[in-house]
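Reading the structure
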Amino acid sequence: MDRRAAKSAYLIRLAGREVEYRFVRRRRRTLGLTVDADGLKISAPLRAPWRDIEGFVREKERWILAKLEEWSVAPRPLRLRGESGERLPLFGESVELHVRPGPVRLEGGTLGIPGLGALVAWLKSTALQALTPRAAHFAALLGQPAPRVSLSNARTQWGVCTEGGAIRLSWRLVHIDPSLADYVVAHESAHLIELNHSRRFWALVERLYPGWQEARERLELTGAALPILRGTK
């Protein structure tokens, strides 16, 4: 395993290709790999020997290269100014913005808006209306009362479930296919019972949303391509 540093990253040769990666040691029990828009990251327990880390990475070589390829061709987010002719994803479908006076109105594949501020407010309201009943649905499947649902401005954290049983969801879920947003809501609803990521928790997620592993991977790629609306965080 090549541990030469390349500026702030390390280098590893995989199938004849030099790949940059980030490496961290943490208080954890197992080795972990993530591949996202920032590339490969390897996480290891504090005392894990390099031979074990190398063996783990070699076992995952094909997966790592495949994921790096996926991210290399993934679309990058567009910065929207709220102007006529721009296109915006809404519930997984592309709509065209048309600036005109009056309230925000969706007509077919056109979304009429008076300006960017009104658009963002409408998207947040629409997200809350769509996501709240889904949280109630998944909570009911677990025998739980409907949770209080609110919105966050997060771009990288889709949802949070508090110890008090409230759920906060990113309003940007309004951009993606509802079936994919359901994974996020199901995930947070499972936290109503298991406020952790134990095996029991993932069993609950599987019960609520079979095939969640594929959805989680799709969500990473989808989320990285969501538009950035000027003036929003």
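Residues numbered from 1 in each chain as written. Predicted model: local features only at pLDDT ≥ 70, side-chain atom pairs only at ≥ 80, totals over all residues. Heavy atoms only, no water.

1. Looking at empty space enclosed by the protein
Over the atoms, a rolling probe the size of a water molecule traces out where space has been left empty. Tallied over the entire structure, the rule returns one cavity of 30 Å³ or more. Empty space within the largest cavity amounts to approximately 30 Å³. Its residues assigned to classes, the lining of the largest cavity shows three nonpolar, two polar and two charged. (1 Å grid on protein atoms, 1.4 Å probe; cavity = no way out; pocket = protein on both sides within 12 Å on 5 of 7 lines; lining within 4 Å. Points joined across faces, edges and corners; volume = space filled by probe spheres on them. Nonpolar A, V, L, I, M, F, W, Y, C, P; charged D, E, K, R; others polar.)

2. Looking at the environment of alanine 139
You can see alanine 139 is positioned in helix α3 (residues 116–141). By relative accessible area, which is 0% here, alanine 139 ends up buried. Spatially, the C-alpha atoms of alanine 139 and histidine 191 are 9.8 Å apart, while their sequence positions differ by 52 residues. (Helix = DSSP H or I, 4+ residues; strand = E, 2+ residues; numbered from the N terminus. Buried < 20%, exposed > 50% of the residue type's maximum accessible area, 1.4 Å probe, protein only.)

3. With respect to the pattern of salt bridges
Taken as a whole and assessed by the stated rule, the structure comprises 10 salt bridges. For glutamate 70, the salt bridge is made with lysine 67, and the minimal N-O distance between the two is 3.2 Å. In this pair, glutamate 70 and lysine 67 are both assigned in helix α2 (residues 61–73), three residues apart and thus about one turn of the helix distant. The partly exposed category is assigned to glutamate 70, whose relative accessible area is 33%. Given a relative accessible area of 3%, lysine 67 falls into the buried group. (Salt bridge = Lys/Arg side-chain N within 4 Å of Asp/Glu carboxyl O.)

4. Remarks on the side chain of histidine 191
Position of histidine 191 relative to the elements: it lies in the loop between α4 (178–190) and α5 (199–208). For histidine 191, the contacting residues outside a window of four places in its chain are Cys161, Asn196, His197 and Phe201. (Contact = heavy atoms within 4.5 Å.)

5. Here we look at the pairing of strand β3 (residues 17–26)
Summarising the sheet, strand β2 (residues 9–14) and β3 pair through five bridges and their orientation is antiparallel. Considered in β3, the bridge of tyrosine 10 is made with tyrosine 21. From the end of β2 to the start of β3, which pair antiparallel, there are two residues, and alanine 15 there has a positive phi angle of about 50°. (Pairing = 2+ DSSP bridges.)

6. Some points on the side chain of glutamate 194
Within the element layout of this structure, glutamate 194 appears in the loop between α4 and α5. Filtering out sequence-adjacent residues up to four positions away, glutamate 194 remains in contact with Arg200, Phe201 and Leu204.

7. Structural notes on α5
Turning to α5, its buried residues are Phe201, Leu204, Val205 and Leu208. The buried residues of α5 all sit within an arc of 100° when viewed along its axis, so they share a single face. What points out from α5, more than 90 degrees from its buried face, is the exposed set Arg199, Arg200 and Arg207. Elements in contact with the buried residues of α5: α3, α4 and α6 (212–224). (Arc of directions from axis to C-beta.)

8. Brief notes about the sheet that holds strand β11 (residues 149–152)
The pairing of strands in a sheet comes from backbone hydrogen bonds and takes either a parallel or an antiparallel form. Strand order in the open sheet made by the three strands is β11-β13-β12, with mixed pairing throughout. The open sheet has two edge strands with one neighbour each: β11 and β12 (159–161). Taken over all neighbouring pairs, the strand axes of this sheet differ in orientation by 20° on average, direction set aside. Against the sheet, α3 makes contact with β11 and β13 (167–170), and its axis sits at roughly 140° relative to β11, the strand it touches most. Lying on the sheet, α4 is in contact with β12 and β13; it crosses β13 at an angle near 160°. (Axes fitted to C-alpha atoms, helices over the stretch in contact; angles between N-to-C directions.)

9. Side note on the packing of α5 against α6
α6 packs onto α5 with a crossing angle of 90° between their chain directions and a minimal axis gap of 10 Å. Regarding the angle of α5 to α6, the classification is roughly perpendicular. Each of Trp202, Val205 and Glu206 in α5 lies in contact with α6, whose residues at this interface are Trp212, Gln213 and Arg216. Along the lines of polarity and charge, the residues of the contact of α5 with α6 split into three nonpolar, one polar and two charged. (Parallel < 35°, antiparallel > 145°, perpendicular 65-115°, else oblique.)

10. Re the confidence of the model for the chain
For the chain, the average pLDDT comes to 90, and 95% of its residues sit at 70 or higher. When the elements of the chain are averaged for pLDDT, strand β1 (residues 5–6) gives the smallest value, 46, and β13 the largest, 98. (pLDDT = per-residue confidence, 0-100.)

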